[in-house]
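Residues per chain are reported as follows:
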Amino acid sequence: MADVRVVEGSEAVALAVKACRPHVIAAYPISPQTHIVEALARMVADGDLKAEYVRVESEFSAASVVSGASAAGSRSYTASASQGLLLMTEVLYASAGMRLPFVITGVNRSISAPINIQVDHQDTISLRDTGVIQLYVESAQEAYDMHLAAFKIAEAPSIMLPVMVCMDGWVLTHSYERVEFLDQKAVDRFLPLFRPENYLDTANPKTWGSYAEGDVLMEFKYAIHKAMSEGKSCIRKIMAEMTSLTGRDYGGLVEAYRTGDAEVILVAMGSMAGTVKDAVDVLRQEGKKVGLLRIRCYRPFPYEELLAAVRGAKVVAVLDANVSMGSEGAVGLDVKSRLNGRPGGPMVIDFIAGLGGREVNSTTVRAVVDRAERLFSSGAPPPEAEWLDLNPAIVP
Amino acid sequence: MKITPGAVVKGGTSLNYKTGNWRDQRPEIDAESCKQCGICQEVCPDDAVRQVADRYEIDYDFCKGCGICAHECTAEAIRMKNEEK
């Protein structure tokens, strides 16, 4: 019989990591990531998990420890949020460059200043260009499933890159949900032992990330890009394997929800998508042809799935829980980049939504759909990103 | 030759690159004053000090002339001299 329990999202993640039999865990606590690493520390201290738990003095060190451990051939894991993820940034570029396949939970939280501990995606989006694969989840169950998949994706010989599972702080980490757990034997069959081709060995010394001049540097960078873009088929395969193992189908790199005949398609990532689905259902009852495309795998970006989902749509409204200051939201820019120049393609409008925990509810979604339809009907070119529910009266 | 994922290569390849020509000052050890303590060898960031029989020698193929050895030498037996090229 399946092991089903109501657990906190953080506990579900810790149990997934435990099931993956990591050798090394290194982490520095930061809200709202703390419960995950506390749970893992407890498991190690209680002897329930045979792993080296390294308490470090900063997130820079946490990322460095898991990089080194990964180079030594250990399955390694860390987690952080917000400022902590930013402090890892330099190391993460190097880790991806050295093709070290560890797993990070990126617990989404706003970036200071001003200080705020609530959810948005600015932190993990800031790591968009590191070469770390990013998966965004909507529920605790999906967080559990995707951490199992993350190790397998990271360690796939054709990929060999760090994988970050991004989950919304508080909303997912601190909520209690029904979660189905796999038994250890099933996880072991799904995720064999980590045996990298190269590992640190004093008997056979090697160096990682050695010097590269301009004559080959581009090729090294392109190799990472290629591992990502060509890795999409491998990720799809691993997602499908997860589905046959769990019976849960999240749709692969994206989840297309009622997009089939949709004229207006919303795009969102993370827990916000749950709200959007409910709003889509209500709008559908009212006869509006609305759907949601939830991006699950953000890097590599699922262009193929995007193009398939928006075929036939008039307008695509992106809900971006991040902003590139002076430009628009990151997801909106990605969506636009691939649709550019396609005759008959939909109009894409970007909305900056939910920064610092600003609520995005069904009323917000309805307003977005109305606005998108009006902008489309006006016949004017799409405007710059609009900031949802902004209160201009208090802006200096 | 193909590049390797992660730029992983066998170790020790820096020996192929003689970086001593970056130097604009060269350390010179005065054998008379040297007490054979070996501090210069320990502190050298380029591993460019070798113990040869009863004395220490600088490997000028790799010494970049940073001067740490001269600074740390307790016997003041190492002097930095301008390179003339």
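Predicted, not measured: the structure shown is a model, and the values here were computed from it.

Cut-offs and rules
- Residues numbered from 1 in each chain as written.
- Chains lettered and ligands numbered in written order.
- Predicted model: local features only at pLDDT ≥ 70, side-chain atom pairs only at ≥ 80, totals over all residues.
- Pairing = 2+ DSSP bridges.
- Helix = DSSP H or I, 4+ residues; strand = E, 2+ residues; numbered from the N terminus.
- Axes fitted to C-alpha atoms, helices over the stretch in contact; angles between N-to-C directions.
- Contact = placed C-beta atoms within 7 Å.
- Buried ≥ 20, exposed ≤ 12 C-beta atoms within 10 Å, placed from the backbone.
- Right-handed = clockwise from strand over helix to strand, strands pointing away.
- Domains from an automatic or database assignment.
- Nonpolar A, V, L, I, M, F, W, Y, C, P; charged D, E, K, R; others polar.
- Core = buried A, V, L, I, M, F, W, Y, C linked by C-beta atoms within 7 Å.

Looking at the sheet that holds strand β4 (residues 76-81) of chain A
All names here are of chain A.
1) Next: The strand order across the open sheet formed by 7 strands is β3-β2-β4-β5-β7-β6-β13, and the pairing between neighbours is mixed. Of all strands in the sheet, those with a lone pairing partner are β3 (52-55) and β13 (297-299), marking the two edges. Within this sheet the neighbouring strands show an average axis-to-axis angle of 20°, counted without direction.
2) Next: By the bridge criterion, 2 bridges tie strand β6 (residues 133-136) to β13 in an arrangement that is antiparallel. What sits directly across from leucine 135, in β13, is cysteine 297.
3) Next: Packing of helix α7 (residues 140-155) onto the sheet brings it into contact with β5 (103-108), β6 and β7 (163-168), and relative to β7 it is tilted by some 165°.

Some thoughts on the pairing of β6(A)
Residues and elements named next belong to chain A.
1) Next: Neither face of β6 is open: one carries Ile133 and Leu135, the other Gln134 and Tyr136, and all of them are buried.
2) Next: Note that β6 and β7 share 4 bridges and pair parallel. Among the inter-strand pairings, tyrosine 136 is bridged to a residue of β7, identified as cysteine 166.
3) Next: Once the chain exits β6 it traverses α7 before rejoining the sheet at β7, and the crossover so formed is right-handed.

A word on the domain arrangement of chain A
Residue and element names in this part refer to chain A.
1) Next: By domain assignment, chain A separates into domain 1 (3-246) and domain 2 (254-391).
2) Next: For domain 1 and domain 2, the distance between their C-alpha centroids amounts to 28 Å.
3) Next: Contact residues are listed per partner, giving 24 residues for domain 1 and 20 residues for domain 2.
4) Next: Secondary structure elements with two or more residues in the side of domain 1 that touches domain 2: α6 (122-125), β6, β7 and α9 (217-246).

Points about the interface of chain B and chain A
1) Next: Contacts between the two partners involve 10 residues from chain B, matched on the other side by 16 residues from chain A.
2) Next: Residue classes in the side of chain B that touches chain A are distributed as 5 nonpolar, 4 polar and 1 charged.
3) Next: Bridge count between strand β9 (residues 206-207) of chain A and strand β1 (residues 9-10) of chain B: 2 bridges; the pairing is antiparallel. Directly across from A:Thr207, in β1(B), lies its bridge partner B:Val9.

Quick look at the environment of A:Arg284
Residue and element names in this part refer to chain A.
1) Next: Mapping arginine 284 onto the fold places it in helix α10 (residues 272-285).
2) Next: Through-space distance from the C-alpha of arginine 284 to that of histidine 35 is 38 Å; in sequence the pair is 249 residues apart.
3) Next: When neighbours within four sequence positions are excluded, arginine 284 is seen to be in contact with Arg258 and Val290.

Thoughts on helix α1 (residues 9-19) of chain A
Residue and element names in this part refer to chain A.
1) Next: Across the 11 residues that make up α1, a large majority, 11, are buried.
2) Next: Of the residues making up α1, those classed as buried are Gly9, Ser10, Glu11, Ala12, Val13, Ala14, Leu15, Ala16, Val17, Lys18 and Ala19.
3) Next: At the exit of α1 stands arginine 21, carrying a positive phi of roughly 55°.

As for the nonpolar core
Generally speaking, a soluble globular protein has its nonpolar side chains buried in company with each other.
Residue and element names in this part refer to chain A.
1) Next: Counting residues in hydrophobic clusters, the biggest one holds 128 residues, and the most contacted among them are Leu161, Val163, Val165, Val267, Ala317 and Leu319.
2) Next: Sorting elements by how many residues they give to this core places α7 first, with 10 residues.
3) Next: Residues lining this core come from more than one domain, with at least three contributed by each of domain 1 (3-246) and domain 2 (254-391).
4) Next: Every residue in contact with alanine 317, bar those within four places of it in the chain, is listed here: Val264, Leu266, Ile349, Phe351, Val368, Val369 and Ala372.

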